[in-house]
Amino acid sequence: WAHAVAELDALRAAADPRARLLVMVRHGEGLHNVAERELGSERWEGVEAKLDTYFDAPLNDVGRAQAAELNGFWRAAEAGGLPGMDVILV
């Protein structure tokens, strides 16, 4: 992270003090991911994905474990010099 932070600092100094580091993270596995895998993409896209059942589907056990692992990653990254986040978009 030290290299990324140094690059960001250089960009801010040379071009735009408002420059920010954007990190994109995919959500963990949810019930809808399992449903698509089990039902097949054609049925999922044609029928199931449109049902209220899967609107804002919760994470399953795998997804919760992935979220916990990501939390550990970010904590280690912050300890290693990654600056705190200004904004988190969900």
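Described below are features of the structure shown in this document. (Residues numbered from 1 in each chain as written. Predicted model: local features only at pLDDT ≥ 70, side-chain atom pairs only at ≥ 80, totals over all residues. Heavy atoms only, no water.)

## Some thoughts on the environment of A65
Topologically, A65 is positioned in helix α4 (residues 61-79). Note on A65: relative accessible area 45%, which makes it partly exposed. Here the alpha-carbon distance between A65 and G28, two residues 37 residues apart in the chain, equals 8.2 Å. (Helix = DSSP H or I, 4+ residues; strand = E, 2+ residues; numbered from the N terminus. Buried < 20%, exposed > 50% of the residue type's maximum accessible area, 1.4 Å probe, protein only.)

## Structural notes on the environment of L31
By the secondary structure assignment, L31 is in helix α2 (residues 31-39). When the C-alpha atoms of L31 and M85 are compared, they prove to be 29 Å apart, with 54 residues separating the residues in sequence. Here L31 is in contact with Y54, A57, P58 and N60, once residues within four sequence places are set aside. (Contact = heavy atoms within 4.5 Å.)

## Focus on unusual backbone geometry
One non-glycine residue with positive phi stands out, namely D56, at about 50°. If you trace the backbone, D56 turns up in the loop between α3 (41-46) and α4.

## A short note on α2
Taken together, the buried positions of α2 are N33, V34 and A35. Elements in contact with the buried residues of α2: α3. Just downstream of α2 lies G40, where phi reads positive at about 95°.

## Focus: the side chain of N33
Within the fold, N33 resides in helix α2. Look past the residues within four positions of N33 in its chain and what remains in contact with it is R26, H27 and G28.

## Side note on the pattern of salt bridges
Taken as a whole and judged by the stated rule, the model has five salt bridges. For R12, the salt bridge identified is with D9, shortest N-O distance 4.0 Å. Pair noted here: R12 and D9 are both in helix α1 (residues 2-14), with a separation of three residues, about one helical turn. On the basis of relative accessibility, which here comes to 42%, the residue D9 falls in the partly exposed class. The partner of R43 in a salt bridge is E48, and the shortest N-O contact between them spans 2.8 Å. Of the residues examined, R43 reaches a relative accessible area of 45% and is grouped as partly exposed. Judged by its relative accessible area of 10%, E48 is buried. (Salt bridge = Lys/Arg side-chain N within 4 Å of Asp/Glu carboxyl O.)

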